[in-house]
There are 2 protein chains.
Amino acid sequence: MRAADVGDTIMGRLVSRCGAIQAVEAIRARTLPPDFAAREAAEERPADLGRRLSTWHARLTASDPVSDLVAGERSGARLIIPGDAEWPTQLDQLGAARPLGLWLHGSADLRFSCLRSVAVVGARAATAYGAHVAAQFGVGLSESGWTVVSGGAFGIDGAVHRGVLASESPTVVVLACGVDIAYPSEHHALFAAVRDQGVIVSECPPGVHPTRARFLIRNRLIAALSRGTVVVEAALRSGALNTATHALSLKRHLAAVPGPITSAQSAGCHRLLRDQKATCVTSPEELIDLVGVMGDDLAPLRRAPALPRDALSESTRRVLDAVPARGGAGPASIAVAAGVDLNTVLSALGGLAAAGYIERVPKGWRTRRTASPVYPKAQETLAFNTPPPSAPTDHTPPPTDPDQFPTTESASPRGGAMPVV
Amino acid sequence: MRAADVGDTIMGRLVSRCGAIQAVEAIRARTLPPDFAAREAAEERPADLGRRLSTWHARLTASDPVSDLVAGERSGARLIIPGDAEWPTQLDQLGAARPLGLWLHGSADLRFSCLRSVAVVGARAATAYGAHVAAQFGVGLSESGWTVVSGGAFGIDGAVHRGVLASESPTVVVLACGVDIAYPSEHHALFAAVRDQGVIVSECPPGVHPTRARFLIRNRLIAALSRGTVVVEAALRSGALNTATHALSLKRHLAAVPGPITSAQSAGCHRLLRDQKATCVTSPEELIDLVGVMGDDLAPLRRAPALPRDALSESTRRVLDAVPARGGAGPASIAVAAGVDLNTVLSALGGLAAAGYIERVPKGWRTRRTASPVYPKAQETLAFNTPPPSAPTDHTPPPTDPDQFPTTESASPRGGAMPVV
């Protein structure tokens, strides 16, 4: 991640071909696999591979990954890579543009948060109308159990994040700089609140500052993490339209909110509507209708774990039982309480977090309290009650892979991906 | 027209079957053709034909068509029926719902006006935003040589008509009451201005007052006369959506203007956009892009007659030459000046008006001054110069029927209907 800048698809192809470890060795040895070099040379616009390799080598040599990890942990951040329990597999659809890894900082589990998520994006120079709409969408989406993903920027991003936080729900902020950098700096307090209730995400290593290019590259993550993107307000040349383009190429749903035709800040949204690239949405409910999966969203929503308890393995269930409901316990105490070895505990904890049973707290882990949000704002239920081991009463097919991520292709005919109990 | 109320499709089918004259005789004799009665009885929801016939008979008996025509002429109105030179043939697409005739009052030729026309409709309870947008569309469409058709009501209709009149251009007002009745009465002065510069249209005989049913029935004419309809502002249950539905069923273009999602008055427009029934337009230019025909509208527009002079017959050309450029002359003086008999003059005058060469004035007829509106507001040119008898320089095919009315079916692939010289 230090060797290549974000969005380096050549590095992406190299890692894809020989794995991260061999890629590092190849760079250190300044020797790329010959077939790889040949295929890159055959590309339509072949890059200067020699120069790229030199740059990688120099940056790799200058890097200190161990101290990156130590510093990250000390600050409370964590690094996830493909294959980790918390890795959102929908990112794999980016192919060679997939991030090599992600730095995270926050209490929410990224994978679980993004199972039912929408990206809400728009202009930095938002109008009062746009900010109002974004905040309303933040509230409405959260109350229906949908996680909002956005970029933490001025304007629409900030407004939607604040709406979500006001509903005491988690939100995902994807930055174009290291997770240790607050950009814009005015959002310092906002990001602190998100770390408490949600999660900050970045593809950039700590200490890396944002650039225009990194903003655009970051946008693909916003689109890829979520099931759909809604552009709340955008001028004709807004960066939010870049996120919209990513959503379309990833076959995610795309929506736009109209506004007065006298407002230049809505012209980008209107262009998307006119070209029929985006669906016109005028409320959170309409957006959910668009991105939701039948049987999963049309019924009153319960924000419950994605996998029924009786589908857990026995050791995982024992780990779950050993996780306290209040306070928090570290992996070692959980191992003792569960009568299970530490390695088992560690991998079980990852899966339980991804499935939504447990959450991180400063002291370690605790079980999540499940809320049942319906229209309007609902009350929180007690701790999750295990369902009887009978057929599910809802219409979704039996749970298969809780992380199956429906795209607009697989979503029609509707059904079959998001089990809810 | 006195016998049946507007929109009486059974009467429409009767006239279609045996012609207006025989229909009147049948009603007087209270005897409908047996095959006609049989087919009506076989309809999915057969009407009580006997009762309908009695009603027709009673109304017919009470009517006095001669004095209708006399009174009409005295007030300055005229009656046109299918087959007349001024009859817009696109109305024939209404089938059995085609009006039996139309009362007109105003200086503009209806057929010519509607060749390049769009309907601009919307809420009576318009917001300031909606009224502003409607007026802007009125100005922009007129300056591009497009005639606006609307209903003369409060709100959006009034605003767009006023925008057109401010551009000193003709507009078409389709009423749901007799042309001698100003409804709403507050628009009395507006209608007087329209009679000066445009034309008031009604399917209702003089003296008939509007009812809710007649408003809805009138809407089909607004949709049918024009090439496309744009809904500027409409609440979820607005009557303007009724006009939109007619436009769709007549395969006319349909557009809608978005607004703030916080405005209930735009909710109907947003519904049309969301359901992808209407195209999102945010300017007169975008609307013209939608309804225009290639080669006809993409070039700078000239508001010129629809038929080249050398395609006119010799007698018609002689009549044209005898029509003064200023003031006005009646048919008799024109006949003398042209050395042509009066009947020939009368039919030539109709065709010349339909083709846009001449216009009505209080004193009779005069040649039209052609303006060349381009973006922004252009200067008026001199009187139309006849083109040399060579191939047309624009891309439209040679003129065939100047009244060919492209629908969304015939308009793709584009081309072939609206010759412009």
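Residues numbered from 1 in each chain as written. Chains lettered and ligands numbered in written order. Predicted model: local features only at pLDDT ≥ 70, side-chain atom pairs only at ≥ 80, totals over all residues. Heavy atoms only, no water.

- In the annotation of an unreviewed UniProt entry, the entry for chain A reads Smf/DprA SLOG domain-containing protein, and the organism field reads Nonomuraea glycinis.
- The UniProt entry for chain A carries the following comment under Sequence similarities (unreviewed entry): "Belongs to the DprA/Smf family." (UniProt positions renumbered as here; feature names shortened; annotations may be inferred.)

## Topic: the pattern of salt bridges
- Following the criterion strictly, the structure yields 22 salt bridges over all chains and no others.
- We note a salt bridge from Asp35(A) to Arg17(A), for which the minimum N-O separation is 2.8 Å. On the criterion of sequence distance, the pair formed by Asp35(A) in helix 2 (residues 34-41) and Arg17(A) in helix 1 (residues 9-28) is long-range, its members being 18 residues apart.
- Residue class for Asp35(A) comes out partly exposed when judged on its relative accessible area of 39%.
- Classification of Arg17(A) as partly exposed rests on a relative accessible area of 39%.
- What you see here is one network of salt bridges that share partners, running through Arg274(A), Glu286(B) and Asp289(B). (Salt bridge = Lys/Arg side-chain N within 4 Å of Asp/Glu carboxyl O. Helix = DSSP H or I, 4+ residues; strand = E, 2+ residues; numbered from the N terminus. Buried < 20%, exposed > 50% of the residue type's maximum accessible area, 1.4 Å probe, protein only.)

## Things to note about the packing of aromatic side chains
All names here are of chain A.
- In total, this model carries 2 aromatic pairs over all chains according to the counting rule given.
- Aromatic pair Tyr-183 and Phe-215: ring centres 5.7 Å apart, planes at 50°, arrangement tilted. Of this pair, Tyr-183 sits in the loop between strand 5 (171-175) and helix 8 (188-197) while Phe-215 sits in helix 9 (residues 212-225), placing them 32 residues apart in sequence.
- With a relative accessible area of 17%, Phe-215 lands in the buried category.
- Positioned above the aromatic ring of Trp-146, the side-chain terminus of Arg-116 is 5.7 Å from the ring centre. (Phe/Tyr/Trp six-rings, centres within 6.5 Å; stacked < 30°, edge-to-face > 60°. Lys NZ or Arg CZ within 6 Å of the ring centre and 35° of its normal.)

## What to know about empty space enclosed by the protein
- Under the counting rule described, the total for this entry stands at 9 cavities of 30 Å³ or more.
- The computed volume of the largest cavity comes to approximately 130 Å³.
- If you trace the largest cavity, you find 15 residues lining it, with Asp5(A), Val6(A), Gly7(A), Leu100(A) and Glu203(A) closest to the centre.
- Here the residues of the lining of the largest cavity are counted per class, giving 8 nonpolar, 2 polar and 5 charged.
- Taken together, 16 residues make up the lining of the second largest cavity; nearest its centre are Asp5(B), Val6(B), Gly7(B), Leu100(B) and Glu203(B).
- Here the residues of the lining of the second largest cavity sort into 9 nonpolar, 2 polar and 5 charged. (1 Å grid on protein atoms, 1.4 Å probe; cavity = no way out; pocket = protein on both sides within 12 Å on 5 of 7 lines; lining within 4 Å. Points joined across faces, edges and corners; volume = space filled by probe spheres on them. Nonpolar A, V, L, I, M, F, W, Y, C, P; charged D, E, K, R; others polar.)

## A short note on the interface of chain A and chain B
- At the interface, 20 residues of chain A touch 20 residues of chain B.
- In total, about 1600 Å² of surface goes out of reach between chain A and chain B, with carbon and sulfur atoms giving 65% of it.
- Of all residues in chain A, Ile261(A), Arg274(A) and Cys280(A) give up the largest surface area on contact with chain B, accounting jointly for 37% of the area buried on that side.
- For Arg274(B), the salt bridge identified is with Glu286(A), shortest N-O distance 3.1 Å.
- Summed over the shared surface of chain A and chain B, the result is 5 residue pairs in polar contact (both at pLDDT 80 or more).
- Contributing elements (two or more residues each) for the side of chain A that touches chain B: helix 6 (128-143), helix 11 (267-274), strand 9 (279-280) and helix 12 (284-291) of chain A.
- The biggest single contributor to the side of chain A that touches chain B is helix 6 of chain A, with 4 residues.
- When its residues are assigned to classes, the side of chain A that touches chain B shows 10 nonpolar, 7 polar and 3 charged. (Contact = heavy atoms within 4.5 Å. Buried area = accessible area lost by both parts, 1.4 Å probe. Polar contact = N/O pair within 3.5 Å; in protein donor to acceptor, adjacent residues only side chain to side chain.)

## A short note on unusual backbone geometry
- Look at the link from Tyr183(A) to Pro184(A): it is a cis peptide, with omega at 0°.
- Following the sequence through the fold, Pro184(A) ends up in the loop between strand 5 and helix 8.
- The residue Gln276(A) is not glycine, and still its phi comes out positive at about 60°.
- You can see Gln276(A) is positioned in the loop between helix 11 and strand 9.
- Even without glycine at this site, Lys251(B) takes up a positive phi of about 60°.
- Relative to the helices and strands, Lys251(B) is located in the loop between helix 10 (239-249) and strand 8 (253-256).
- Here Lys251(B) falls in the partly exposed class, since its relative accessible area comes to 36%.

## Some thoughts on the nonpolar core
- By size, the foremost hydrophobic cluster in this structure holds 72 residues, and its most contacted members are Leu102(A), Leu110(A), Val231(A), Leu102(B), Leu110(B) and Val231(B).
- The residues contacting Leu110(B), other than those within four sequence positions of it, are Ile80(B), Glu86(B), Pro88(B), Leu102(B), Leu104(B), Val172(B), Val199(B) and Val201(B). (Core = buried A, V, L, I, M, F, W, Y, C linked by side-chain atoms within 4.5 Å.)

## Considerations on the relation of the copies chain A and chain B
- The operation relating chain A to chain B is a screw motion whose rotation component is 180°, with 0.0 Å of axial translation and a residual RMSD of 0.1 Å. Interpreted geometrically, this transformation is the action of a two-fold axis. Using C-alpha coordinates, one finds that chain A approaches the rotation axis most closely at Gly259(A), a distance of 2.2 Å.
- Looking at chain A, 100% of its interface residues are interface residues in chain B too, so the copies touch through the same face. (Least-squares fit on C-alpha atoms with pLDDT ≥ 70 in both.)

## Considering the UniProt feature "domain: Smf/DprA SLOG" (unreviewed entry) in chain A
- Under the present numbering, the feature "domain: Smf/DprA SLOG" (unreviewed entry) in UniProt falls on residues 79-290 of chain A.
- End C-alpha atoms of residues 79-290 of chain A are separated by 33 Å, and the span's content is 39% helix alongside 17% strand.

## Quick look at the packing of helix 1 of chain A against helix 2 of chain A
Residues and elements named next belong to chain A.
- Where helix 1 meets helix 2, the closest approach of the two axes is 11 Å, and the angle between their N-to-C directions is 145°. Where helix 1 crosses over helix 2, the two elements pack in a sense that is right-handed. Two secondary-structure elements touch here, helix 1 through Ile-10, Arg-13, Leu-14 and Arg-17 and helix 2 through Asp-35, Phe-36 and Glu-40. (Axes fitted to C-alpha atoms, helices over the stretch in contact; angles between N-to-C directions. Left-handed = near helix turned anticlockwise from the far one by under 90°.)

## Side note on the environment of Ala234(A)
Residue and element names in this part refer to chain A.
- In this structure, Ala-234 sits in the loop between strand 7 (228-233) and helix 10 (239-249).
- On the basis of relative accessibility, which here comes to 0%, the residue Ala-234 falls in the buried class.
- A C-alpha to C-alpha distance of 9.4 Å links Ala-234 and Val-257, two positions 23 residues apart in sequence.
- Apart from the residues within four sequence positions on either side, Ala-234 is in contact with Ala-123, Ala-240, Leu-241, Ala-264, Gln-265, Ser-266, Ala-267, Gly-268 and Cys-269.

## Brief notes about the sheet that holds strand 4 (residues 147-150) of chain A
Residue and element names in this part refer to chain A.
- Pairing is mixed across the open sheet formed by 9 strands, whose spatial order is 1-2-6-5-4-3-7-8-9. Across the chains shown, the open sheet's two edge strands, defined by having one partner strand only, are strand 1 (78-80) and strand 9.
- For strand 3 (residues 117-122) and strand 4, the ladder comprises 3 bridges, and the chain directions are parallel. Bridging across to strand 4, Ala-119 finds its partner in Val-149. (Pairing = 2+ DSSP bridges.)

## What to know about the pairing of strand 2 (residues 102-105) of chain A
All names here are of chain A.
- Neither face of strand 2 is left uncovered, since the one carrying Leu-102 and Leu-104 and the one carrying Trp-103 and His-105 both have all their residues buried.
- Two elements, strand 1 and strand 2, share 3 bridges in a ladder whose sense is antiparallel. Within strand 2, the residue paired with Leu-79 across the bridge is Trp-103.
- In the sheet, strand 2 pairs with strand 6 (residues 199-202) via 3 bridges, with the strands oriented antiparallel. Within strand 6, the residue paired with Leu-104 across the bridge is Val-201.

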